[in-house]
Amino acid sequence: MLRAAWMAQELLSTFDGEIAELTLKPGTGGIFEVTADNQLVWSRKQEGRFPEITELKQRVRDVIAPEQDLGHSERKK
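First things first, this report covers the structure right here in the doc.

Definitions and limits used
Residues numbered from 1 in each chain as written. Predicted model: local features only at pLDDT ≥ 70, side-chain atom pairs only at ≥ 80, totals over all residues. Heavy atoms only, no water. Helix = DSSP H or I, 4+ residues; strand = E, 2+ residues; numbered from the N terminus. Rg over C-alpha atoms; globule rule 2.2 N^0.38 Å. Buried < 20%, exposed > 50% of the residue type's maximum accessible area, 1.4 Å probe, protein only. Contact = heavy atoms within 4.5 Å. Areas by Shrake-Rupley, 256 points an atom, 1.4 Å probe, with all protein chains shown as cover. Lys, Arg positive; Asp, Glu negative; His and termini not counted. Charge placed at Lys NZ, Arg CZ, Asp CG, Glu CD. Expected span 1.5 Å × (residues − 1). Arc of directions from axis to C-beta. Axes fitted to C-alpha atoms, helices over the stretch in contact; angles between N-to-C directions. Parallel < 35°, antiparallel > 145°, perpendicular 65-115°, else oblique. Left-handed = near helix turned anticlockwise from the far one by under 90°. Nonpolar A, V, L, I, M, F, W, Y, C, P; charged D, E, K, R; others polar.

## What to know about the overall build of the chain
The number of helices and strands found in the chain is 3 helices and 2 strands. When the elements of the chain are put in sequence order from the N terminus, they spell out α-β-β-α-α. The C-alpha atoms of the chain give a radius of gyration of 12 Å, which matches the 11 Å a tight globule of 77 residues would have. Along the first, second and third principal axes, the C-alpha atoms of the chain reach 35 × 25 × 20 Å. Every one of the 77 residues in the chain was classed for burial, and the buried ones make up 32%. Nonlocal contacts in the chain, meaning residues at least 24 apart in sequence, comprise 40% of its contacts between residues at least 6 apart. For the chain, the exposed surface amounts to about 5,600 Å²; the carbon and sulfur share of it is 47%. Positive and negative charge centroids in the chain, built from 11 and 13 side chains respectively, lie 7 Å apart.

Take a look at the structure:
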């Protein structure tokens, strides 16, 4: 839960003005899923791991604000 809360804070800070709502839903068994605009962005079950915060930001950005530059978090091209 602590990791999910930290990642939520990071997403809210990074996408200030782009995210209208962010909801944390407690679950059991290590469930960790992130959706944006009704698209599954990350699933711990499918990926087999938690995301690094930079890759999570990139995936969320690709859905909600593809034109946004993430600065130092941007993937190398």
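## Points about helix α1 (residues 2-14)
Compared with an ideal rise of 1.5 Å per residue, which puts 13 residues at 18 Å, α1 spans 18 Å between its outermost C-alpha atoms and is within 8% of the ideal. The complete set of buried residues in α1 reads Ala-4, Met-7, Ala-8, Glu-10 and Leu-11. Projected down its long axis, α1 carries its buried residues within an arc of 160°, all on one side. Packing partners of the buried residues in α1 comprise α3 (53-64).

## Notes on the packing of α1 against α3
Contact pair α1 / α3: the axes reach a minimum separation of 11 Å and the direction vectors enclose 50°. With respect to their mutual orientation, α1 and α3 come out oblique. At the point where α1 passes α3, the crossing takes the right-handed sense. When α1 is examined against α3, the residues Trp-6, Met-7, Glu-10, Leu-11 and Thr-14 are found in contact with a partner set consisting of Ile-53, Leu-56, Lys-57 and Val-60. Of the residues in the contact of α1 with α3, the class split is 6 nonpolar, 1 polar and 2 charged.

## A few points about unusual backbone geometry
In this model, Asp-37 sits at a positive phi of 50°, which is unusual for a non-glycine residue. The phi angle at Asn-38 is positive, at roughly 65°, despite the residue not being glycine. Tracing the chain through its elements places Asn-38 in the loop between β1 (33-36) and β2 (39-43).

Interpretation note: all reported values are geometric properties and have no functional meaning in isolation.
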